[in-house]
Amino acid sequence: MIRFENVSKHFRKGTEVIRALDAVSIEVPQGALALVRGPSGSGKTTVINLAAGLARPTAGRITIAGETLNDLPPRKRTALRAQRVALVFQMFHLVPYLNALENVLLPTLASPSDDPLDRAKRLLEDLGLSHRASHFPAELSAGERQRCAVARALFNRPSVILADEPTGNLDAESAAHVLQAFDVARADGATVFLVSHQHLDAITPDKEFSLKNGVLQA
Amino acid sequence: MRNGLTLTRLILREVQRAKLNTALCLFTVMAATALLVAMVAIGRASVDATRIMMKQMGFNLLITPQDVDPARYQALDFQKGDMPEDYVQRLASSTALAQHFVGKLQKTTQVDGCTVVLTGVLPEVPKVGTQMQPMPTAFVIAEGEVKVAYAAARALGLQAGARMTIMGKTFVVNEILTEVGVIPEDIRIYAHLHDVQALLERPGRINAIDALACYCPVDVKDVVAALRQTVEGVLPDVNVQPYHSILLARQQQRVMVYRLELAALAIVMAGSAIAIWGLTYLNVRNRRREIGVLRALGVPDSRIAALFIGKILAYSLAGAIAGSALGTLAGNCFNVTGGSASFPPAVLAALIAATPLAATMFGLPPIVSGLLQEPTEVLEEGES
């Protein structure tokens, strides 16, 4: 479950105050797939960063996977990401000197897992990447990199998946593959929270929100 | 990998990838350690060479009875004052800052119309608990034999094997000594102490102790005063007369090498600190997105820091071992002093153990700075 209650995030740039988010309230029930749409600069990435606990709101209250982030110290927010919340980025952010299999195994540095190697291999297979397991990110196509990043996000069976423009750099076919993986995760009970500047034809969100200039549109 | 990724695997993978950075880091530590080891080894060799040279120059400390007037002593008037023979043993067993001791009983006398200094000596007594080579100027003379200094032998027309009579007692000339160039050394006739004690009717007595002060801590400001204090602490009724030029030259050389070692250590440490800081900074900077990703995945900061520290520990340990070997080799190859260029193994082991800690200390600021950056900023940067 994800809940934003009147969440604002303001940045100060010199004397100017930038209102990245302004009194945003969102609620996504557990096991739902939500899509936040909006043009570039509308505050979508800020929503993801706040939900992941990577940034703190200026005002308002954020509850994710049953935990109120406002009350959690940095160490507990880190532990929450390690165990229950996963992130997928538009720019993939794979570690360049690790191969695909090792990138999928990266979450084991944060928290131990049963049979990690089998789990990682199965995820790569499910995402059609088993033949690319020993390839490094530079040897993968954009679609393959993003599928590898999704496999990494799914590794710890998170209850919440936060994805920031996950198909922004992909062609239609690759985008469909990635979105299909999110659909499977939703079917397995995870809450999937996507932000995108475009309409995603390959999925039917349970909830859809629209952001413009940091304000939620009706 | 069966149990997932480990920090070690991640470090090894990064080392394989960032070959240039790793090679530069390794080279920096290796060069710094080698430079330090070689400089210290050569410095110690120069101290050792000086020690040998100074030893060849003879004793640098004269200990006489307290009532002896130094001026009369210099005028070869040894009539007044004596002290027990066992003073030599007492000094050798003490903590006095001197190492080699020779007890002497001497008297200026006439032999066949020539002025000579009859000098009775016992074999040199080294400091108790040490195994030192005796001074080249210390003699072992059997009873009934004499060693005749160069000028005295020439004046008396003596050769080795000849017989001569001193104060009514006949001696065999065991050796004619080479020319020293100073009086009274060149007019001495050395005999066994007990022979001279018998001739002068002063059994069990001596009137001088030659000593060599060859160890004095470098932090002692006034080495003469320190020596006097330690000797007079053992034998309160003696005079300590240093041969200043020999004594101080040695001490100054020791202090100079010590300061040179400190300067080398400071320069090497400063250079290494800057290099390691810079290389770690570049490594952290190049990997800032990786840091952001690891934090986003929930990897604790301590484990992320361990990735960088682990790498520093690995290359600095390897660099210290290789640098120590290289430095020892270089110290011996470029040792121009003639002394023995050795580096104490215990100090070398301590250096190898301390190097990774120092390198970690130098690399820590950029690592901490990398961990303090906002992950949200770096994650918005380009593709990987």
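A quick note: this is a predicted structure, and the numbers were derived from the prediction, not measured.

What about the overall build of chain B?
The helix and strand inventory of chain B stands at twelve helices and twelve strands. Its C-alpha atoms give chain B a radius of gyration of 33 Å, more than 25% over the compact-globule value 21 Å for 384 residues. By its C-alpha atoms, chain B is 105 × 40 × 35 Å across when sized along the principal axes. A burial count over chain B gives 49% of its 384 residues as buried. In chain B, once contacts between residues fewer than 6 apart in sequence are set aside, the share between residues at least 24 apart is 80%. Accessible area for chain B stands at about 18,300 Å²; split by element, carbon and sulfur atoms hold 61% of it. Side chains of chain B carry 33 positive and 31 negative charges; the gap between the two charge centres is 9 Å.

Brief notes about a nonpolar patch on the surface
Taken together, the side chains of Tyr258, Leu262, Leu265 and Met269 of chain B present a nonpolar region at the surface, about 340 Å² in accessible area. By the element assignment, Leu265 of chain B lies in helix H8 (residues 244-286).

Let's talk about the pairing of strand S8 (residues 191-196) of chain A
All names here are of chain A. A large share of S8 lies buried, amounting to six of its six residues. Going residue by residue along S8, you find Thr191, Phe193 and Val195 tucked away on one face and Val192, Leu194 and Ser196 tucked away on the opposite face as well. Here strand S3 (residues 33-37) pairs with S8 via five bridges, running parallel. Of the residues in S8, the one forming a bridge with Leu33 is Val192. Pairing of strand S7 (residues 160-164) with S8 involves five bridges; the strand directions are parallel. Its bridge partner being in S8, Leu162 is matched across the sheet by Phe193. At this point the chain moves from S7, through helix H6 (residues 172-187), to the parallel S8, and the crossover so formed is right-handed.

Things to note about the sheet that holds S3 of chain A
All names here are of chain A. Read from one edge of the open sheet, six strands run S6-S7-S8-S3-S9-S10, paired in mixed fashion. Across the chains shown, the open sheet's two edge strands, defined by having one partner strand only, are strand S6 (85-88) and strand S10 (215-217). Neighbouring strand axes in the sheet, compared pairwise and without regard to direction, differ in orientation by 25 degrees on average. Pairing between strand S9 (residues 207-212) and S10: three bridges, direction antiparallel.

Section: the side chain of Asn99 of chain A
Relative to the elements of secondary structure, Asn99 of chain A occurs in the loop between S6 and helix H3 (100-105). A polar contact of 2.8 Å, which involves the side chain of Asn99 of chain A, links it to the backbone nitrogen of Glu102 of chain A. Ignoring anything within four residues of it in the chain, the contact list for Asn99 of chain A reads Ala133, Ser134, His135 and Phe136 of chain A together with Arg13 of chain B.

With respect to helix H4 (residues 116-126) of chain A
All names here are of chain A. Pro116, Leu117, Arg119, Ala120, Leu123 and Leu124 are the residues of H4 that are buried. Buried residues along H4 cover an arc of 165 degrees about the axis, so they all sit on one side. Structural note: H4 exposes Glu125 and Asp126 on the side pointing more than 90 degrees away from its buried face. Buried-residue contacts for H4 involve H3 and helix H5 (142-154). At the C-terminal side of H4, Gly128 shows a positive phi close to 70 degrees.

Conventions adopted
Residues numbered from 1 in each chain as written. Chains lettered and ligands numbered in written order. Predicted model: local features only at pLDDT ≥ 70, side-chain atom pairs only at ≥ 80, totals over all residues. Heavy atoms only, no water. Helix = DSSP H or I, 4+ residues; strand = E, 2+ residues; numbered from the N terminus. Rg over C-alpha atoms; globule rule 2.2 N^0.38 Å. Buried < 20%, exposed > 50% of the residue type's maximum accessible area, 1.4 Å probe, protein only. Contact = heavy atoms within 4.5 Å. Areas by Shrake-Rupley, 256 points an atom, 1.4 Å probe, with all protein chains shown as cover. Lys, Arg positive; Asp, Glu negative; His and termini not counted. Charge placed at Lys NZ, Arg CZ, Asp CG, Glu CD. Patch = residues over 30% accessible without salt bridge, like charges linked within 9 Å, V, L, I, M, F, W, Y side chains within 5 Å. Salt bridge = Lys/Arg side-chain N within 4 Å of Asp/Glu carboxyl O. Pairing = 2+ DSSP bridges. Right-handed = clockwise from strand over helix to strand, strands pointing away. Axes fitted to C-alpha atoms, helices over the stretch in contact; angles between N-to-C directions. Polar contact = N/O pair within 3.5 Å; in protein donor to acceptor, adjacent residues only side chain to side chain. Arc of directions from axis to C-beta.

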